[in-house]
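Remarks on the overall topology
What follows is each chain in one-letter form.
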Amino acid sequence: MNRLIALWRKETLALLRDRHGLAALFVMPVIFILVMTMALHDAFMPGAAIDVGYAIVDLDDTAHSQSLARRLNKTGSFRLVDTAAQADTARQAIRDGRYALALVLPQGFGERLLAPAGADGQPTEPLTLMVDPTLNPALQLAFRNQTSAALGTLRADELTRKAGQLFGLPTTANAPERDWPDEIVSVAVQNDRSIRPPSSVQQNVPAWLVFAMFFVVIPISSILITERQQGTLQRLASMGLPFRLVLLGKLLPFFVVNQIQAGLMVGVGMFGVPLFGGEALVMPQGVGLLNWWLVAAAVSLAAVACALFVASVTRTTQQATIVGGVGNILMGAIGGIMVPKFMMPAAMQTLAEFSPMAWGLQGFHTVMLRHGDFAAILPDLLKLLACAAAALAAAIWLNHRHTA
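Residues numbered from 1 in each chain as written. Predicted model: local features only at pLDDT ≥ 70, side-chain atom pairs only at ≥ 80, totals over all residues. Heavy atoms only, no water.

1. A look at the overall build of the protein
- What the protein contains, in helices and strands, is 14 helices and four strands.
- Counting the 404 residues in the protein, one finds 43% classified as buried.
- In the protein, the share of contacts with a sequence separation of at least 24, taken over all contacts with a separation of at least 6, comes to 78%.
- Looking at the protein as shown, the accessible area adds up to about 21400 Å², and 64% of this sits on carbon and sulfur atoms. (Helix = DSSP H or I, 4+ residues; strand = E, 2+ residues; numbered from the N terminus. Buried < 20%, exposed > 50% of the residue type's maximum accessible area, 1.4 Å probe, protein only. Contact = heavy atoms within 4.5 Å. Areas by Shrake-Rupley, 256 points an atom, 1.4 Å probe, with all protein chains shown as cover.)

Next comes the structure, spelled out in structure tokens:
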């Protein structure tokens, strides 16, 4: 035990000497959390304003076409920039970059509002949506859906008015437009509470925390390779110190670093993000907070073990930086760190199941969003611990192979 304590002390001193590498472990994830949380704020907030402008080209100029324009503008998701008189004018404005969308309401729109296609022997002219080709397809679809919803409420009001006339019910010439209520309420599966969808801060704080924990591959590799090149490991071996004890000596100091990272990242989410206008991170309480820390501990063990494996495979600091850095980026890319998993196609979501970063992020989300208990996070914990054990075993085997 005394030898292990001495190794922990040695590793702590070596870690503290590398102030630049140590600062990168804390500064980098803080910047990522702040930048990505604010950049993706609206993407995770249904109904939030979208900074995309559109124009209405009303060729019908009737009460119905004007009502549709008002209903579309009332939602507030997209910005109404202009009401162009001609379609060609709107088309040129899109080319000039003044706005990205233009909805053309054709002549006779109000007359054919409730008429099926071809009811009068003539094909019904559809609404035309002119689109900037550089606009994100998801935003194009969102505007089409918003237009369809506004058109549906307009038709519902018109049907109600015509039904009243048919049955002799009193109607007013200028009846107010109805605000149809939202009849869908989101309810959390496990706690039966009305909830909002996951926010940007709930995605980005745990995501970049996982990435930061795995980033310890750089300082660990640097220290271990330097010790190998300077003969420190050989001297320790000549003293009868097994390599597995050397690895254990490196495990605890960097595990502590990861826990400090976790506390700092949570603090940034709770107190730093709101200073920039974002939503504060809400942490679980009681047993939930303990389960959250268990996930953080398992992620840390997997991260440090993988870093020790990379340091054992590579021969130089440059090799370790390339292998460890590229490996982390790949695991983060397919693991839902850089792009949320639910935004990926089905094939990529399947591939994400093989990334240790995805296991850690899923464990955090199970606790923070689903309020899962220990049994719910156990599969992810077991996968992370199995990854840590396999990486440590491989590192020890590689060392014996090189020294045999």
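2. Topic: a nonpolar patch on the surface
- Taken together, the side chains of I329, M338, V339, F342 and M343 define a hydrophobic patch exposed on the protein surface, amounting to about 450 Å² of accessible area.
- Position of F342 relative to the elements: it lies in the loop between α11 (317–334) and α12 (346–352). (Patch = residues over 30% accessible without salt bridge, like charges linked within 9 Å, V, L, I, M, F, W, Y side chains within 5 Å. Salt bridge = Lys/Arg side-chain N within 4 Å of Asp/Glu carboxyl O.)

3. Observations regarding the environment of F143
- Mapped onto the fold, F143 is located in helix α5 (residues 137–166).
- Sequence separation of F143 and L103 is 40 residues, and the distance between their C-alpha atoms is 9.8 Å.
- Every residue in contact with F143, bar those within four places of it in the chain, is listed here: Y54, L72, F78, L101, L103 and L129.

4. A look at the side chain of S65
- Position of S65 among the secondary structure elements: in helix α3 (residues 63–75).
- Given the relative accessible area of 0%, S65 is considered buried.
- Polar side-chain contacts of S65 include one of 2.9 Å to the side chain of D58.
- The residues contacting S65, other than those within four sequence positions of it, are D58, D60, L105 and F109. (Polar contact = N/O pair within 3.5 Å; in protein donor to acceptor, adjacent residues only side chain to side chain.)

5. Describing the sheet that holds strand β4 (residues 128–131)
- Spatially, β2-β1-β3-β4 is the arrangement adopted by the four strands of the open sheet, whose pairing is mixed. Each edge of the open sheet carries a strand with a single partner, namely β2 (79–82) and β4. Sheet twist, expressed as the average angle between the axes of neighbouring strands with direction ignored, equals 30 degrees.
- Contacts from helix α4 (residues 87–95) reach β1 (53–58), β3 (101–105) and β4 within the one sheet, and its direction differs from that of β4 by about 25 degrees. (Pairing = 2+ DSSP bridges. Axes fitted to C-alpha atoms, helices over the stretch in contact; angles between N-to-C directions.)

6. Considering helix α1 (residues 2–17)
- With 16 residues, α1 extends 23 Å between its outermost C-alpha atoms, agreeing within 8% with the 22 Å of an ideal straight helix rising 1.5 Å per residue.
- Residues of α1 that are buried: L4, L7, E11, A14 and L15. The buried residues of α1 all sit within an arc of 100 degrees when viewed along its axis, so they share a single face. Those residues of α1 that are exposed and angled more than 90 degrees off the buried face are N2, R9 and R17.
- Where the residues of α1 are buried, they touch α2 (19–39), α7 (217–230), α8 (232–238) and α9 (243–272). (Expected span 1.5 Å × (residues − 1). Arc of directions from axis to C-beta.)

7. Quick look at the nonpolar core
- Within the largest apolar cluster, 43 residues are counted, with the highest numbers of intra-cluster contacts made by F214, W292, V299, I337 and F364.
- For this core, the secondary-structure elements that each account for two or more residues are α2, α6 (200–214), α9, α10 (287–313), α13 (356–368) and α14 (374–403).
- Sorting elements by how many residues they give to this core places α6 first, with ten residues.
- Setting aside anything within four residues of it in sequence, one finds W292 in contact with L209, A262, V266, M283, P284, F364, V367 and M368. (Core = buried A, V, L, I, M, F, W, Y, C linked by side-chain atoms within 4.5 Å.)

8. Overview of the pattern of salt bridges
- Counted under the stated rule, the structure contains four salt bridges.
- The salt bridge involving D88 is made with R91; its shortest N-O contact spans 2.8 Å. Of this pair, D88 and R91 both sit in helix α4, three residues apart, which is roughly one turn of that helix.
- Classification of R91 as partly exposed rests on a relative accessible area of 33%.
- The salt bridge partner of D380 is K383, with a shortest N-O separation of 3.7 Å. One end of the pair, D380, and the other, K383, are both in helix α14, three residues apart, so they sit about a helical turn from each other.
- On the basis of relative accessible area, K383 is assigned to the partly exposed category, the value being 29%.

9. Considering the confidence of the model for the protein
- Looking at the protein, pLDDT values average 81 and 84% of them are 70 or higher.
- Here residues 182–188 scores under 50 on pLDDT; set against residues more than four positions off or in separate chains, the count is ten contacts.
- pLDDT under 50 marks residues 191–196. Its contacts with residues more than four places away, or in other chains, come to 14 contacts. (pLDDT = per-residue confidence, 0-100.)

10. Structural notes on the pairing of β3
- In terms of burial, β3 is largely enclosed, as five of its five residues are buried.
- Here β3 shows a buried face lined by L101, L103 and L105 and a second buried face lined by A102 and V104.
- Sheet analysis places β1 next to β3, joined by five bridges and oriented parallel. Directly across from D58, in β3, lies its bridge partner L105.

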